[in-house]
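For reference, the chains in residue letters:
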Amino acid sequence: MSRRAIVTVPKRAKRGEVIEVKTLAQHAMETGYRRTQLGAAIPRDIIRTFVCSYNGEEVFRMELHPAIAANPLIAFSLVASESGTLEFRWSGDNGYAVTETARITVV
Amino acid sequence: MRLLAFLLLLSPVSVFAEERRSGYEFMSRETRAMQDDDAANPGMFWVLDGEGLFKPCAGCHSVEGMKGVAARYPARDAKSGRPMNLEQRINACRTDRMREKPFAYESRELLSLTAFIAKQSRGMPIEVRKSDAGEALYRQRQGQLNLSCAQCHDERWDRKLAGTPVAQGHPTGYPIYRLEWQGLGSLQRRLRNCLSGMRAELYPFGAPELVELEQYLMWRARGMNIESPGVRP
């Protein structure tokens with residue numbers, strides 16, 4: 001399975017403006033509570049943490065748990081303070097690690 | 001409980017329907033928003049994977065040439081005379097022309113390629129010939145609950161089943177990302193869901209009966225626009 005992530009960040013914003021950031025990560029979020037038709041337990045395989053940093057400074061962090069849906073959509077707000085780069089990191093079970101970045105210009 | 005729920009669907013409220021409505025219109029605002037925004041629609045992951053899987057097809061087909069294809073399937077296959085759905089068309093292309101193994105039904109590969117091709121028809125009206133065999137199946141009572149498709153989807157749409165409205169059953173968004181499935185699935189998977197809800201015997205994936213039914217449903221939704229990849233609760 002591929003490990004894609006889609007992030008949506010406005011390209012331009014005014015200084016001090018509250019912007020919406022939206023992220024969607026491709027992940028099955030296997031709970032660990034399910035069994036196969038033959039009764040074998042399916043091991044847990046979920047995203048554990050999501051972190052967003054803005055020019056290197058952490059601005060949003062989230063811990064994820066087994067009850068969270070597959071392909072989690074995480075949306076949150078930020079104050080656009082300066083031009084630069086938003087970095088998004090997802091990490092989880094079985095070495096899952098995905099990084100995405102987005103540029104924002106603040107005027 | 002299910003039986004009780006079915007019994008609660010009282011007498012028919014309306015015959016079908018000058019007014020045809022996509023399942024989209026029965027959904028909550030939040031679920032609609034998911035479908036409307038490609039950056040929030042998880043079905044797009046399959047579309048993006050399908051874009052990669054389409055590369056070997058580019059020897060014969062252009063992406064541009066895939067516009068409208070999903071709006072015309074299922075269609076009669078000239079060779080066998082039987083209706084063939086989009087998934088079967090893809091697999092026929094693989095086995096007959098590319099000398100490759102067919103993808104399994106509901107495999108990630110087949111769903112992704114189907115989703116990628118179907119997305120090229122987004123916003124285009126469905127144009128499919130009627131299947132009489134499909135209509136017969138649609139109106140035939142079956143299963144332990146002795147229900148036909150028409151009893152819910154023609155006569156009782158917009159009534160509630162287990163708290164959610166019964167839709168008219170127009171297959172405008174397939175393959176769909178169904179929140180209940182936590183993944184993408186084909187129209188045949190959805191039809192098998194309904195059959196199991198009716199406690200009827202399930203046709204296997206790819207069965208001609210299911211394809212006839214698909215073709216009838218697409219004809220019934222003729223003129224409505226393709227939404228693929230749709231999001232449904």
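Quick notes on the rules
- Residues numbered from 1 in each chain as written.
- Chains lettered and ligands numbered in written order.
- Predicted model: local features only at pLDDT ≥ 70, side-chain atom pairs only at ≥ 80, totals over all residues.
- Heavy atoms only, no water.
- Helix = DSSP H or I, 4+ residues; strand = E, 2+ residues; numbered from the N terminus.
- Rg over C-alpha atoms; globule rule 2.2 N^0.38 Å.
- Buried < 20%, exposed > 50% of the residue type's maximum accessible area, 1.4 Å probe, protein only.
- Contact = heavy atoms within 4.5 Å.
- Areas by Shrake-Rupley, 256 points an atom, 1.4 Å probe, with all protein chains shown as cover.
- Lys, Arg positive; Asp, Glu negative; His and termini not counted.
- Charge placed at Lys NZ, Arg CZ, Asp CG, Glu CD.
- Pairing = 2+ DSSP bridges.
- pLDDT = per-residue confidence, 0-100.
- Core = buried A, V, L, I, M, F, W, Y, C linked by side-chain atoms within 4.5 Å.
- Expected span 1.5 Å × (residues − 1).
- Buried area = accessible area lost by both parts, 1.4 Å probe.
- Salt bridge = Lys/Arg side-chain N within 4 Å of Asp/Glu carboxyl O.
- Polar contact = N/O pair within 3.5 Å; in protein donor to acceptor, adjacent residues only side chain to side chain.

Time to look at the overall build of chain B. Each helix and strand counted, chain B has 9 helices and 7 strands in total. The C-alpha atoms of chain B give a radius of gyration of 17 Å, which matches the 17 Å a tight globule of 233 residues would have. Each principal axis of the C-alpha distribution contributes one length, and for chain B these read about 55 × 40 × 30 Å. Looking at chain B residue by residue over its 233 residues, the buried ones come to 52%. For chain B, long-range pairs separated by at least 24 residues make up 70% of all intrachain contacts whose partners lie at least 6 apart in sequence. On chain B, roughly 11500 Å² of surface is accessible, and the fraction owed to carbon and sulfur atoms is 52%. Of the charged side chains in chain B, 34 are positive and 28 negative, and the gap between their average positions amounts to 2 Å.

Pairing between the strands of a sheet comes from backbone hydrogen bonds, and it takes one of two forms, parallel or antiparallel. Residues and elements named next belong to chain B. Taken together, 3 strands build an open sheet; the order of strands is E6-E5-E7 and the sheet is mixed. Edge strands, defined here as strands with exactly one partner in the open sheet, are strand E6 (183-185) and strand E7 (231-232). When strand E5 (residues 176-178) meets E7, the two strands line up parallel, connected through 2 bridges. Counterpart to arginine 178 in the pairing with E7 is arginine 232.

We now examine the confidence of the model for chain B. When pLDDT is averaged along chain B, the result is 92; 92% of the residues meet or exceed 70. In this model, residues 6-17 of chain B is a region of pLDDT below 50 whose contacts with residues beyond four sequence positions or in other chains number 29 contacts.

This part is about the nonpolar core. In this structure, B:Trp46, B:Phe54, B:Leu86 and B:Ile117 are the most contacted members of the largest nonpolar core, which totals 28 residues. Of all the secondary-structure elements, those providing two or more residues to this core are helix H3 (43-53), helix H4 (86-97) and helix H5 (108-119) of chain B. Looking at this core element by element, the count peaks at 7 residues for H5(B). What B:Phe54 contacts, discounting residues up to four positions off in sequence, is B:His61, B:Ser62, B:Val63, B:Met66, B:Leu113, B:Phe116 and B:Ile117. By size, the runner-up hydrophobic cluster in this structure holds 26 residues, among which are A:Val21, A:Phe50, A:Ala102 and A:Ile104.

As a further point, take helix H9 (residues 208-220) of chain B. Residues and elements named next belong to chain B. When the terminal C-alpha atoms of H9 are compared, their 18 Å separation across 13 residues agrees well with the 18 Å that a helix rising 1.5 Å per residue should span. Residues Leu210, Val211, Glu212, Leu213, Glu214, Gln215, Tyr216, Leu217, Met218 and Arg220 constitute the buried set of H9. Against the buried residues of H9 lie strand E1 (75-76), strand E2 (83-84), H4, helix H6 (132-139), helix H7 (149-153) and helix H8 (187-197).

Counting residues at the interface gives 14 residues for chain A, matched by 14 residues for chain B. Taken together, the two surfaces of chain A and chain B that pack against each other cover about 1100 Å², and 58% of this comes from carbon and sulfur. Remark: the boundary between chain A and chain B carries 2 salt bridges. Where chain A touches chain B, the interface holds 6 residue pairs in polar contact (both at pLDDT 80 or more).

Moving on to the pairing of strand E4 (residues 47-54) of chain A. All names here are of chain A. Of all 8 residues in E4, 6 are buried; the element is thus mostly enclosed. Across 7 bridges, the pairing between E4 and strand E7 (residues 84-92) is antiparallel. What sits directly across from cysteine 52, in E7, is phenylalanine 88. For E4 and strand E5 (residues 57-63), the ladder comprises 6 bridges, and the chain directions are antiparallel. Looking at the pairing, tyrosine 54 lines up with glutamate 57 of E5.

In this section: the sheet that holds E4(A). Sheet architecture is open: 5 strands sit in the order E2-E8-E7-E4-E5 (chain A), paired in mixed fashion. Here the strands that pair on one side only, and so sit at the sheet edges, are strand E2 (12-13) and E5 of chain A.

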